[in-house]
Structure formats: structure tokens, C-alpha cells
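Coordinate analysis (summary)
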Amino acid sequence: MAAPATAAGGTFGQDAAEDAPDPLPGAGLRGFARTAALEYPGVLIRAVDIDPKDRPERIAAHLLAELCAPGEPVVVGRTNGTRTTLRTVPHRCHTTGRPPPVGRRSMRAPWCC
């Protein structure tokens, strides 16, 4: 069992608030958890993004709830009683030769070929 936690606000840094936490420090842990879950399918692995401003007992409850939910997505976010997950979606690549615009709310790869 492994449950690395990140502190990007429970929304993977996609919160529109001005004081939203920086999503970059924990981004590698989410990828690590996904890879570990593929390589060790018999081990419960969950990466949980939490809101660092939340009460410690609530953060602990979120982590425990995720560890007690096998078969759920490997990467989840928890904030204000809301559970968030990420999923990939097909995206048509731009063929203009220039990278598409990428903003704070965008999770697209910055360059397609």
C-alpha cells in the first residue's frame, strides 16, 4: 500500500482562485503513482491531492477514505468534501507549426506533432 499526498489544493492546481497552490511540486508524484500502479497491480496505490489549508483531521479522513476504496482511480483530489479525478480525453493536434496556446486551466500537452 502506498499513498503519496500532494498539496495542490485538492484540484491539481486547477483552482481559479488567486491564492491557489502551485501545482508543479507534486506533479511528479502523480505520474509515479500511475506508473507504480501499472507495474504492481496487486498493490493499492493512490496519489491524493489535498488542500493544505484544510483541517488535519479532515485531511486524514480523506486519505483513509481513499485507502479504503480499492478499484478507484489512482489519482484523486479532495477538497471541501469534493472528490476530483483526472481523465484523458482525445484532442486533435494543431497542424499550424506553432504550439497551441496553453493557460493555467489547460492540461493539454504544450506541443503536438
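**Points about the environment of Glu-72**
Assignment of secondary structure puts Glu-72 in the loop between α2 (56–67) and β3 (75–79). Taking relative accessible area as the criterion, Glu-72 reaches 38% and is therefore assigned partly exposed. Once the C-alpha coordinates of Glu-72 and Arg-46 are considered, the two residues, 26 residues apart in sequence, prove to be 8.6 Å apart. If we skip the residues at most four places from it in the chain, Glu-72 touches Arg-46 and Arg-83. Polar contacts involving the side chain of Glu-72 include one to the side chain of Arg-83, which spans 3.5 Å.

**Topic: the side chain of Asp-49**
You can see Asp-49 is positioned in strand β2 (residues 47–50). For the buried Asp-49, no salt bridge is present, and the opposite-charge side chain at shortest range is Arg-30, 4.5 Å distant. Here Ala-8 takes part through its backbone nitrogen, which lies 2.7 Å from a polar atom of the side chain of Asp-49. Apart from the residues lying within four places of it in its own chain, the contact partners of Asp-49 are Thr-6, Ala-7, Ala-8, Gly-9, Gly-10, Thr-11, Phe-12, Gly-13, Val-76, Gly-77 and Arg-78.

**A closer look at α2**
Its 12 residues give α2 an end-to-end C-alpha distance of 17 Å, which sits within 8% of 16 Å, the value for a rise of 1.5 Å per residue. Among all positions in α2, only Ile-59, His-62 and Glu-66 are buried. Buried residues along α2 cover an arc of 60° about the axis, so they all sit on one side. Turned more than 90 degrees away from the buried face of α2 sit Pro-56, Glu-57 and Leu-64, all of them exposed.

**Section: helix α1 (residues 27–39)**
With 13 residues, α1 extends 19 Å between its outermost C-alpha atoms, agreeing within 8% with the 18 Å of an ideal straight helix rising 1.5 Å per residue. All of the buried residues along α1 are Arg-30, Ala-33 and Ala-36. What you see down the axis of α1 is that its buried residues fit within an arc of 130°, all on one side. Exposed residues on α1 whose side chains face more than 90 degrees from its buried face are Gly-28, Phe-32, Leu-38 and Glu-39.

**Observations regarding the pairing of β3**
Counting buried residues in β3 gives 5 out of 5 residues, a clear majority hidden from the surface. Burial along β3 is two-sided: the face carrying Val-75, Gly-77 and Thr-79 and the face carrying Val-76 and Arg-78 are both buried. Judged from the 4 bridges that link them, β2 and β3 form a sheet pairing that is parallel. Each bridged residue has a counterpart across the sheet, and for Ala-47 the counterpart in β3 is Val-75. Each parallel crossover has a hand, and the one from β2 via α2 to β3 is left-handed. Bridge analysis of β3 against strand β4 (residues 82–85) gives 4 bridges, and the strand direction is antiparallel. From the neighbouring strand, Thr-79 faces β4, where its bridge partner is Thr-82. Between the antiparallel neighbours β3 and β4 lie 2 residues, among them Asn-80 with a positive phi of about 50°.

The rules behind these values
Residues numbered from 1 in each chain as written. Predicted model: local features only at pLDDT ≥ 70, side-chain atom pairs only at ≥ 80, totals over all residues. Heavy atoms only, no water. Helix = DSSP H or I, 4+ residues; strand = E, 2+ residues; numbered from the N terminus. Buried < 20%, exposed > 50% of the residue type's maximum accessible area, 1.4 Å probe, protein only. Contact = heavy atoms within 4.5 Å. Polar contact = N/O pair within 3.5 Å; in protein donor to acceptor, adjacent residues only side chain to side chain. Lys, Arg positive; Asp, Glu negative; His and termini not counted. Salt bridge = Lys/Arg side-chain N within 4 Å of Asp/Glu carboxyl O. Expected span 1.5 Å × (residues − 1). Arc of directions from axis to C-beta. Pairing = 2+ DSSP bridges. Right-handed = clockwise from strand over helix to strand, strands pointing away.

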